[in-house]
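Here's the letter readout for the chains.
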Amino acid sequence: MKELAIWGALAAIACGGPTTVPTKPAAPPPPASPSGTTAPTAAGASTPSSPFKVIGEVGGDNQLFAAGERGFVLSQFGVELELVGDEIVQEPLLKRGLPAEPFMISVEAIAGRWPDALWLSTTEPSGRSGYSTAWSWDGKSWSRKQRTTEGHFINGVQPWTSGRMLALKQAGMAFEASFLLLSGDPHVTLPEFSRTKQAEPFAMCMTNLRIDAWRALPSGEVVALGMRCDTGDDMPLAVERWAAGAKNSTLTTLPETLPSGDVKSVEWSSTTLGALSASDIFVASLKETTTNPGNDQRWLKSDYFAHFDGKSWQVLPAPIPEGVSQMWVESDGVLFASNRKDELWSRSVTGEWAHVPWPELPADAADVSKFKLESLWPRGPGDVWAIVSTLANEYGHRYLLHTRAAPHPMPTEEAKAEKEREYALPGPPVDSCTTPFVLLYTLARKSPADYDYPATREALKGHGEFSAMKFVEFERDGRKFFGARAPDFKLGKKLAQLVQDKVPGSTPQLVCHDPAHTRQLDIDLKSGKLRQ
Amino acid sequence: MPEAAASIGVGCVTCHVVGKDVLAGAVASRAQPAPHPLLRDPRFVGSAACSGCHEFAFPDRGARGKPELMQATLSEHARSQTSASCSSCHMPLTAGGTSAHRSHAFAGGHDAELVRSAVSVAAERTEHGARITLTPRNVGHAFPTGDLFRRIEVSAEAVGPEWQVAASASRYLARHWQRQPSPFGVVLRSATRDDRPLSAPLVIELELGPAAANLPIDWRVAYQRVDHPRSEREQDASVDGEIEITSGALEKNP
């Protein structure tokens, strides 16, 4: 699951891709640790079958999110699919309320608890930067609730204690972060980030940490991981932790993350957090060091992996080959991790690591440079969803995977488009509308199926100017409607007025609408008769 | 036992097994003895035996100021004018096998004939609409009873010369709920009103406006099983199943 709803470079959740050779020697099997980390099962030792099944192809920018037990496949335009149990469901209602023409707005994440505390975040450009908006699902549509100030973005919403929803707001460039309570009982102490001594209005370093990953635990503790900025030019990795109900935190610089010896500087990327509990936390990052022995400057990359046991941090060898790029925690305590080759590994509750093979994809994904894990959602034991992509051709493909078979096929793109048309609400008759429509009648429940509208045809008789109109019936929520697709609103208005004048009890409305029709009536406007 | 009930986990043991005993009514209705020991108790054929599944509070009592019933069919039964037990309607004596016995098909909200027999309906025109009267007859509890998601839709629409709806109105008879956050941060459902017919006739006035005065009016009463996946608004409900109780047409005013 994508954890951060983010702006720009922060958006990557599982960044694979080639990297330089790790400088550390091959790690020996790690010693038994309180966290139970043991050596992994070799990825290539055997080729067990994958637990994943390919459910179907999804859109090119689709990502997985979760709100409690319900999963969502999001595109930048909103919710494309819902994951309800093992079913993959399209619910066009879940796009309602968001801008109809979202050219400048991007849906970033969905989180919370379905259906009573569901939140969605979007980003929009503004000036030289942008801002985030938090939208709440009111049961009928998304409604705009909060927006950040320019240059600040919502970086994830997570369930917290007693049904509360906690969000992280962070500056795009500067070190400045705070938590927001989006919903739930407000009588609670919010965790506050420790602030630097030079915290001035225009300083870049306001809070000590710039957060790469964070986690609110059901027990109330909050953990944030990122780079620390109050240590001069060096920016080591640090973790800020809040006890349940605490406002103030404990900020800890992680061991071996400051430059030492001939290392001139250290940079961090792919920084990720896996918090099994407040006393069982893993962090991983890709460490890029610049050494300067004499004038022979060198850049080296190595994997960083550390564990917190509730008392102290301990650096451990990377538990899987090719480092840990991203981590996900399953409800039963199983930890999933991906590496730079986008392989998936799982760590059991007893600490054994095992490779989780991907299934054979419809397109050729054998070339790892063309394969990418886009997002993962371990909903529960034996119930893991993933979205992976391949670049088998120049356009690429993205697939939804699940560890259980789907009871029904995933909706096709054509079926989705048709259903969206079916569900689309009529809009106002604005100039930019490309589908002017005259809604003539809502039909009575007992109207005959083959009714041919004699009074309407009589009104139209001799009005050849309506020859471009398409008279159609369509259905919605079990009711039938009769209307006309119009080439433009000017002609539509003329038709509406004519029918209102000639057919008693009618009040036609001009709308922007493109319904999927169930019947089309071919009316001879010269005679007013129906063509067969 | 109906397959639909069995598929959601309702089986023989749900009612008949308490502890180590197999419960049964005080009087044997079958000639053949049961193939296992029985604990016969006259209370087993009384309404109280149904309370475990049809009268209980919301399970979130800890978050509520005071408990609230999620299902209240036995309380409704006590307030109704009927003296019949639950089983006399929902488990009628039926022939079959070796002797007459109580039906275990549990006729209820999915039985169209039983649903339609619950109320008699009369409709008449008013100046600008319709008056629809529902009189409970073959029902010993509020109608509809049971879970939160059942209601009666009473609707009328004035029909124009092209079968178009010139005006419409509807009313939903149900326990009406609202969702509100509790001090504990979780959202609770609580009842705001209850307008289901129980024992007295219920008169529903549906106002359609002047546009309806010279038009015929179609009216309809339907029993609906609804879900409120998105909000408690009556119009937002998704109708999962429906039984039309009755419908009719009222001619336009002379």
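None of the values given here were measured: they were computed from a predicted structure. (Residues numbered from 1 in each chain as written. Chains lettered and ligands numbered in written order. Predicted model: local features only at pLDDT ≥ 70, side-chain atom pairs only at ≥ 80, totals over all residues.)

Here we look at the overall build of chain B
Here comes step 1: Per the secondary structure count, chain B includes 6 helices and 16 strands.
Here comes step 2: The proportion of buried residues among the 254 residues of chain B is 24%.
Here comes step 3: The long-range fraction of contacts in chain B, counting pairs at least 24 apart against all pairs at least 6 apart in sequence, stands at 56%. (Helix = DSSP H or I, 4+ residues; strand = E, 2+ residues; numbered from the N terminus. Buried ≥ 20, exposed ≤ 12 C-beta atoms within 10 Å, placed from the backbone. Contact = placed C-beta atoms within 7 Å.)

So, the overall build of chain A
Here comes step 1: When its secondary structure is counted, chain A shows 3 helices and 32 strands.
Here comes step 2: By the burial criterion, 41% of the 532 residues in chain A qualify as buried.
Here comes step 3: Here the analysis covers contacts within chain A between residues at least 6 apart in sequence; of these, 55% occur between residues at least 24 apart.

Remarks on the interface of chain A and chain B
Here comes step 1: Every contact between the two is made by 25 residues of chain A and, on the other side, 24 residues of chain B.
Here comes step 2: Among the secondary structure elements, those contributing two or more residues to the side of chain A that touches chain B are β28 (436–442) and α2 (454–460) of chain A.
Here comes step 3: Taken together, the residues of the side of chain A that touches chain B sort by class into 9 nonpolar, 9 polar and 7 charged. (Nonpolar A, V, L, I, M, F, W, Y, C, P; charged D, E, K, R; others polar.)

Description of the sheet that holds β28(A)
Residues and elements named next belong to chain A.
Here comes step 1: Read from one edge to the other, the open sheet built from 5 strands follows the order β31-β28-β30-β29-β32, with strand pairing classed as antiparallel. This sheet does not close on itself; its edge strands, each paired only once, are β31 (509–512) and β32 (517–521). In this sheet, neighbouring strand axes are inclined to one another by 35° on average, regardless of whether the strands run parallel or antiparallel.
Here comes step 2: Alignment of strand β29 (residues 470–476) against strand β30 (residues 479–485), held across 7 bridges, turns out to be antiparallel. Looking across to β30, one finds that E473 is bridged to F482.
Here comes step 3: Taken strand by strand, helix α3 (residues 489–502) contacts β28, β30 and β31, and its axis lies near 20° from that of β28. (Pairing = 2+ DSSP bridges. Axes fitted to C-alpha atoms, helices over the stretch in contact; angles between N-to-C directions.)

As for the nonpolar core
Here comes step 1: Counting 94 residues, the largest nonpolar core has A:I110 and A:W119 as its most contacted members.
Here comes step 2: Judged by nonpolar contacts, the second largest core, of 57 residues, contains A:V511, B:V119, B:I152 and B:V154. (Core = buried A, V, L, I, M, F, W, Y, C linked by C-beta atoms within 7 Å.)

Looking at the sheet that holds strand β13 (residues 209–216) of chain A
Residue and element names in this part refer to chain A.
Here comes step 1: Read from one edge of the open sheet, 4 strands run β13-β14-β15-β16, paired in antiparallel fashion. Of all the strands in the sheet, just β13 and β16 (250–253) have a single pairing partner and so form its edges. The mean inter-strand angle of the sheet, taken between neighbouring strand axes irrespective of direction, is 20°.

Comments concerning the pairing of strand β10 (residues 150–159) of chain B
Residue and element names in this part refer to chain B.
Here comes step 1: The element β10 is largely enclosed, with a buried count of 9 among its 10 residues.
Here comes step 2: Alignment of β10 against strand β15 (residues 217–227), held across 9 bridges, turns out to be antiparallel. Each bridged residue has a counterpart across the sheet, and for S155 the counterpart in β15 is R220.
Here comes step 3: As paired elements, β10 and strand β11 (residues 165–173) share 8 bridges and run antiparallel to each other.

A look at the pairing of strand β3 (residues 70–75) of chain A
Residue and element names in this part refer to chain A.
Here comes step 1: Two strands pair when backbone bridges link them, and strand β2 (residues 63–67) and β3 are joined in this way by 5 bridges, in the antiparallel orientation. By the bridge assignment, Q63 is partnered in β3 with L74.
Here comes step 2: Between β2 and β3, which follow one another and run antiparallel, lie 2 residues, and G68 among them has a positive phi close to 65°.
Here comes step 3: Joining the antiparallel neighbours β3 and strand β4 (residues 78–84) is a turn of 2 residues.

A short note on the environment of B:H228
Residue and element names in this part refer to chain B.
Here comes step 1: For H228, the position within the fold is in the loop between β15 and β16 (238–250).
Here comes step 2: In sequence terms H228 and L148 are 80 residues apart; their C-alpha atoms lie 9.6 Å from each other.
Here comes step 3: Apart from the residues within four sequence positions on either side, H228 is in contact with F149, D236 and A237.

Describing unusual backbone geometry
Residues and elements named next belong to chain B.
Here comes step 1: With omega at 0°, the peptide bond leading from F143 into P144 counts as cis.
Here comes step 2: Mapped onto the elements, P144 comes out in the loop between β9 (129–136) and β10.
Here comes step 3: The backbone phi angle of W163 is positive, close to 65°, even though this residue is not glycine.
Here comes step 4: One can find W163 in the loop between β10 and β11.
Here comes step 5: Note on W163: 20 C-beta atoms within 10 Å, which makes it buried.

Considerations on the environment of A:G274
Residues and elements named next belong to chain A.
Here comes step 1: Tracing the backbone through its elements, the reader meets G274 in strand β17 (residues 263–277).
Here comes step 2: Spatially, the C-alpha atoms of G274 and L335 are 7.3 Å apart, while their sequence positions differ by 61 residues.
Here comes step 3: Look past the residues within four positions of G274 in its chain and what remains in contact with it is F282, M327, V329 and L335.

Some thoughts on α3(A)
Residues and elements named next belong to chain A.
Here comes step 1: Between its first and last C-alpha, α3 extends 20 Å over 14 residues, near the 20 Å set by a 1.5 Å rise per residue.
Here comes step 2: Within the span of α3, buried status applies to G492, L495, A496 and V499. One side of α3 carries all its buried residues, which in axial view fall inside an arc of 100°. Exposed positions of α3 whose direction lies more than 90 degrees from the buried face are K490, Q497 and D501.
Here comes step 3: Buried residues along α3 sit in contact with β28, α2, β30 and β31. (Expected span 1.5 Å × (residues − 1). Arc of directions from axis to C-beta.)

Let's talk about the confidence of the model for chain B
Residue and element names in this part refer to chain B.
Here comes step 1: Residues of chain B with pLDDT of at least 70 account for 93%, and the chain-wide mean is 87.
Here comes step 2: Per-residue pLDDT, averaged within each element of chain B, yields its smallest value for helix α1 (residues 3–7) (72) and its largest for strand β14 (residues 202–207) (97).
Here comes step 3: ipTM for the predicted complex: 0.80, alongside a pTM of 0.66. (pLDDT = per-residue confidence, 0-100.)

Looking at the confidence of the model for chain A
Keep in mind that low pLDDT regions are not for reading the predicted coordinates in detail.
All names here are of chain A.
Here comes step 1: Averaged over all residues, the pLDDT of chain A equals 85, while 87% of them reach at least 70.
Here comes step 2: In the model, residues 1–37 has pLDDT below 50 throughout and makes 84 contacts with residues more than four positions away in sequence or in other chains.
Here comes step 3: Ignoring residues within four places in sequence, the model shows residues 41–46, a span with pLDDT below 50, making 6 contacts including any to other chains.

Some thoughts on the environment of A:G351
Here comes step 1: By the element assignment, A:G351 lies in the loop between β23 (344–347) and β24 (353–356).
Here comes step 2: Spatially, the C-alpha atoms of A:G351 and A:L335 are 9.1 Å apart, while their sequence positions differ by 16 residues.

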